[in-house]
Amino acid sequence: MSKMLSLWFAVSSTVLMGATAVMISHNGWIAILLALLTVCNVGFGFVVKARSRRRNEGQAVK
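As the structure is a computational prediction, the values presented were derived from the model and not from experiment.

Trainee: Just checking my understanding: could you explain the overall build of the chain for this structure?
Mentor: When you go through the chain residue by residue, the secondary structure sums to 2 helices and 0 strands. With the C-alpha coordinates of the chain rotated into their principal frame, the extents come out at 55 × 15 × 10 Å. Every one of the 62 residues in the chain was classed for burial, and the buried ones make up 19%. Within the structure as shown, the chain displays about 5000 Å² of accessible surface, and the carbon and sulfur contribution to it stands at 72%.

Next comes the structure, spelled out in structure tokens:
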């Protein structure tokens, strides 16, 4: 995974976590929605990282 893509996932996850923390005191339903979105964002970051690692390992072997 490129450094810019890693930075994007780190910053977007941090922003989503902060928004979730703020929404906990304002609206519980939006907080739950943001928490789910945060988990999906982090999970998608791991999926992208694993796919890019497999692609790079496959090119190195050939």
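Trainee: Honestly, the side chain of T38 in this entry has me stumped. Any pointers?
Mentor: Among the secondary structure elements, T38 is positioned in helix 2 (residues 28-61). Exposure remark for T38: the relative accessible area of 8% places this residue in the buried category. A polar contact is formed between the side chain of T38 and the backbone oxygen of L34, at a distance of 2.8 Å. Those residues in contact with T38 that lie beyond four places of it in its chain are S13, L16, M17 and T20.

How each quantity is defined
- Residues numbered from 1 in each chain as written.
- Predicted model: local features only at pLDDT ≥ 70, side-chain atom pairs only at ≥ 80, totals over all residues.
- Heavy atoms only, no water.
- Helix = DSSP H or I, 4+ residues; strand = E, 2+ residues; numbered from the N terminus.
- Buried < 20%, exposed > 50% of the residue type's maximum accessible area, 1.4 Å probe, protein only.
- Areas by Shrake-Rupley, 256 points an atom, 1.4 Å probe, with all protein chains shown as cover.
- Polar contact = N/O pair within 3.5 Å; in protein donor to acceptor, adjacent residues only side chain to side chain.
- Contact = heavy atoms within 4.5 Å.

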